[in-house]
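Notes for the structure review
Letter by letter, the chains look like this.
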Amino acid sequence: ADVLPSGVTYHSSAATQGSYDNSTCIWTVGTIPPGDTETLTLRARVSIPTSGHSYVNTASVHSLAETDPVSGNDSNSASITVIGNPDMTVTKVDALYADNDGDGVPSPGDVLHYTVTINNSGDAAGTCVTFADPINDPNLTLVVGSVSTTHGTVTSGNGSGDTVVGINLGVITAGVTSSITYCATVALPVPAYVSQVSNQGTVSGNNFSSLVTDDPDSGPTDDATVTPITAAPIVEVYKTDWLHTDANGDGQPSPGDTLAYTITIYSTGNENTDSNLTYADPLNDPNLSLDYGSVWTSQGTVNSGNHVGDTTISVGTGTVVGINGIVTITYRISIKHPLQAPNPQVVNQGLVTTGNHANEPSDDPDIGDDDDQTVTPIYSPPLILLTKSGYPSSVPATWRIYYTIRITNTATFLLTNVIVTDTLPAGTYFFSADEWATGAYTLSTVTWQLGTMPIGQRRTLHLVVDTHTTTRGIVTNTVDATATGFRLPATASDTTLVTKRPVPTATPTTSPTATPTCTPTATPTNTPTPTPSPSATPTATATPFGPQVTGSIAVYAWDDLNADGTADSGEPPLAGAFVQVYIPEPPAATGVHPLGTPIASCTTDATGICLFTDLAPGGYIVTIASPGGYSPTTESRFQVTVVVGEVSTVHFGATAQNRCFLPIIICHQDEAPFPLPLFLYFR
């Protein structure tokens, strides 16, 4: 029989002969021949493992068919002492301790809190237990003074200059758990493409194998504690301009001057840019050209811009660190002279590219919008110089106003599609304008299409407008000029004061009667009968008003003997032609002026002349009726412009209705006959 001691439970058995009944603890061996040995092996489990406790197991002969002559060896005992082992486990978890950027997630610059838990689940104490964490992630730094432990003492981590964690835990008895805590700061900024930090410590002892910490939040065992971090680079590029060389000394950027650009690249994110950051400027404004050799950078290499023939700029800066990283680039640009395109400004913008950030255009900090181009106004003479003058400066209603418009190409390039437009103000209407330029004329708008104008070309345009009888006050007439590429037109204006005008009355006058003369008394003779001289040329005089600033209209009528419409030598004046002068009404839609009201009339005498004086400057219509029996050989209605101090003339021809013309052929001896421009005419 072999009864197991208390604290031990049966597991299994094996016998060389017979069988063992674990319920009765009896091994039935059977017959054992002399000299034989039979063996029973029992396997048992210690129910309460207590290190150092001894268990005594005794086996004895239970029954025997024969009498054992030596009964003193029928039983025997064996003692077993339990030797225990520690069973150590260690975990490490992380948590956000200080959210310095306030984004709610671990980020560069934040503080992480680590908790290390060491548990002895074995049946023996762990001896000479130590913990070490080298904090070997380059983006983590131990917070000195943050290390604490529930067992043992801190050997490293709380002293000035400490960079690793060290704990001497001593003995950790079975069933005991120890806790260690400490903090580490995430680097700010982190290198490009860093998205996590990793950390792992080690537990060592004399009676167990060394263990590495395990992150219980992840699947694999014995894995490092990994903390994802939210990091990104932020790149801002600013571009400012200043006048480097003022070639013409006007203190303003002008054609031929040199500009200097300063580009400042700021890296303000919590992640560095990668090493491939590049700044490029294509200089695509046609009015700018690079001063090669002027490119300078505070960091990196100038790839393009400092060699003969370079027209663009490229600078490789390499990595720009985050938070406070700054790179400065400068270069010079010349403003072309003459300008290559009609633009009152030059525009420039560079671009930064890097692998871990979206492309970033340069921004002009002087303008409110983000990522806007750097715009430099160019000060140069106006590209179109436009002037306008009107005469006279003050007129009564119905007087005519004469405008002179001058346009000059003061640009440094050819102007194309030049258009001059004059929109007539209220109270005026179109009378006449230059016809040499292709244009369009309406009652209210005059347009000249001048086409191209070479550099420096000046053109003069004339415009005449009439004023309405009811027009009063200041009349302002503005003219605009445009050309291809101009955003705003050039303008010029002139003002005229229009006052009320009384209607003049025509007053025909006659010359005084000739004074009779007598012969001397010394020689008596009969005194001739006094005869009156012919009447003086009838004239129609306009009643003067206001300042005496007037002009005249002279009408000459002649007998057009050969009916050719031209006053030839020898053709006599024509008496009896009836002349009337009108102030025209505004033109109808057809452009024809209605006659309006006649202001004077006259019939030509033997001189063929009618003279109308003291007429206000402006437009008039003159009509002439032929004498009885005559037909006109010229126009009989004339538009006449009266100018101050001048006489405007009208020529009118008429020929007798019953006049017959026969050519005369003159022959010379031995010569062929040929016609001469001689005519005989008969009444």
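Residues numbered from 1 in each chain as written. Predicted model: local features only at pLDDT ≥ 70, side-chain atom pairs only at ≥ 80, totals over all residues. Heavy atoms only, no water.

**Focus on the overall build of the chain**
Rule in force here: The helix and strand labels rest on DSSP assignments: H or I over at least four residues marks a helix, E over at least two residues marks a strand, and numbering proceeds from the N terminus. Here, residues are in contact when the closest pair of their heavy atoms is within 4.5 Å. Using the Shrake-Rupley algorithm and a 1.4 Å probe, accessible areas are obtained, with residue cover drawn only from the displayed protein chains.
The secondary structure content of the chain amounts to zero helices and 52 strands. Contacts in the chain between residues far apart in sequence, at least 24 positions, make up 68% of those at least 6 positions apart. Of the roughly 34300 Å² of accessible surface on the chain, a fraction of 55% belongs to carbon and sulfur atoms.

**Overview of the nonpolar core**
This is how the line gets drawn: What we call a nonpolar core is a set of buried Ala, Val, Leu, Ile, Met, Phe, Trp, Tyr and Cys residues that are connected through their side-chain atoms within 4.5 Å. Burial classes: relative accessible area under 20% of the type maximum marks a residue as buried, over 50% as exposed, and values in between as partly exposed (1.4 Å probe, protein chains only).
Within the largest apolar cluster, 82 residues are counted, with the highest numbers of intra-cluster contacts made by Ile265, Ile553 and Phe612. Looking at this core, the element that brings in the most residues is strand S27 (residues 325-335), giving five residues. Apart from residues lying up to four places away in sequence, Ile553 is in contact with Val581, Cys610, Leu611, Phe612, Leu615, Tyr620, Val622, Val640, Val642, Ser648 and Val650. Of all hydrophobic cores here, the second largest spans 27 residues; its members include Ile135, Leu140, Tyr182 and Ile229.

**Observations concerning the sheet that holds strand S29 (residues 351-354)**
Counted only if it meets this: Strands pair, by our definition, only if DSSP identifies at least two bridges between them. Lines fitted to C-alpha atoms define the axes here, with helix axes fitted over just the stretch in contact, and angles between the N-to-C directions of these axes take values from 0 to 180 degrees.
With antiparallel pairing, the five strands of this open sheet are ordered in space as S25-S26-S22-S29-S30. Edge positions in the sheet fall to strand S25 (301-304) and strand S30 (357-361), since each has one partner strand and no second. Across the sheet, the axes of successive neighbouring strands diverge by a mean angle of 20 degrees, strand direction being ignored. Pairing of S29 with S30 involves three bridges; the strand directions are antiparallel. Considered in S30, the bridge of Thr354 is made with His357.

**Concerning the environment of Glu38**
Rules: Each polar contact in these results corresponds to two N or O atoms within 3.5 Å; when the atoms are within protein, one needs to be able to donate a hydrogen and the other to accept it, and residues that are neighboring in sequence are counted only if both atoms are side-chain atoms.
You can see Glu38 is positioned in the loop between strand S4 (26-28) and strand S5 (40-46). Setting aside anything within four residues of it in sequence, one finds Glu38 in contact with Thr16, Gln17, Trp27, Val29 and Ile32. In terms of polar contacts, Glu38 uses its side chain to reach the side chain of Thr16, at 2.6 Å.

**Some thoughts on the packing of aromatic side chains**
For any pair of aromatic rings, the description consists of the separation of the ring centres together with the inter-plane angle of the planes. Our working rule: Paired rings are identified among Phe, Tyr and Trp, the last through its six-membered ring, by centres lying within 6.5 Å, and are further divided according to the angle between planes into stacked (under 30 degrees), edge-to-face (over 60) and tilted (the rest). Geometrically, a lysine NZ or arginine CZ counts as sitting over a ring once it is within 6 Å of the ring centre and also within 35 degrees of the ring normal.
Scanning the model with the defined rule gives six aromatic pairs in all. Ring plane angle 70 degrees and centroid distance 5.8 Å describe the contact between Tyr238 and Tyr266, whose orientation is recorded as edge-to-face. Here the residue Tyr238 occupies a position in strand S20 (residues 235-245), and Tyr266 occupies one in strand S21 (residues 258-267), the gap between them amounting to 28 residues. What makes Tyr238 partly exposed here is its relative accessible area of 28%. Chaining the aromatic ring pairs together yields one cluster made of Tyr114, Phe131 and Tyr182. Between the NZ or CZ atom of Lys92 and the centre of the ring of Tyr114, over which it lies, the distance is 4.4 Å.

**As for the confidence of the model for the chain**
Quick reminder of the rule: The score called pLDDT rates the predictor's confidence residue by residue, from a low of 0 to a high of 100.
For the chain, per-residue confidence averages 84 on the pLDDT scale, and 84% of positions sit at 70 or higher. Confidence drops under a pLDDT of 50 for residues 503-548, and excluding neighbours within four residues, the segment shows 61 contacts in the predicted structure. pLDDT under 50 marks residues 663-683. Its contacts with residues more than four places away, or in other chains, come to 33 contacts.

**Observations concerning the sheet that holds strand S36 (residues 428-433)**
Ordered by their spatial adjacency, four strands build an open sheet running S32-S34-S39-S36, and the pairing between neighbours is antiparallel. Whereas interior strands pair on both sides, the edge strands pair on one side only; in this sheet they are strand S32 (384-391) and S36. When the angles between neighbouring strand axes are averaged without regard to direction, this sheet yields 25 degrees. Here eight bridges tie S32 to strand S34 (residues 400-409), and the two strands are oriented antiparallel to one another. Bridging across to S34, Ile384 finds its partner in Asn409.

**Focus on the pattern of salt bridges**
What counts is decided by this rule: One side-chain nitrogen of Lys or Arg within 4 Å of one carboxyl oxygen of Asp or Glu is enough to make a salt bridge.
One pass over the full model with this rule turns up four salt bridges. In this structure, the salt-bridge partner of Asp133 is Lys92, at a minimum N-O distance of 2.4 Å. Residue Asp133 is located in strand S10 (residues 126-133), and its partner Lys92 is located in strand S8 (residues 88-98); the two are separated by 41 residues in the primary sequence. Residue Asp133 shares its accessibility class with Lys92, and that shared class is buried. The residue Asp281 makes a salt bridge to Lys239 at a minimum N-O spacing of 2.7 Å. In this pair, Asp281 is assigned in strand S22 (residues 278-281) and Lys239 in strand S20, connecting sequence segments 42 residues apart. Grouping residues by exposure puts Asp281 and Lys239 together as buried.

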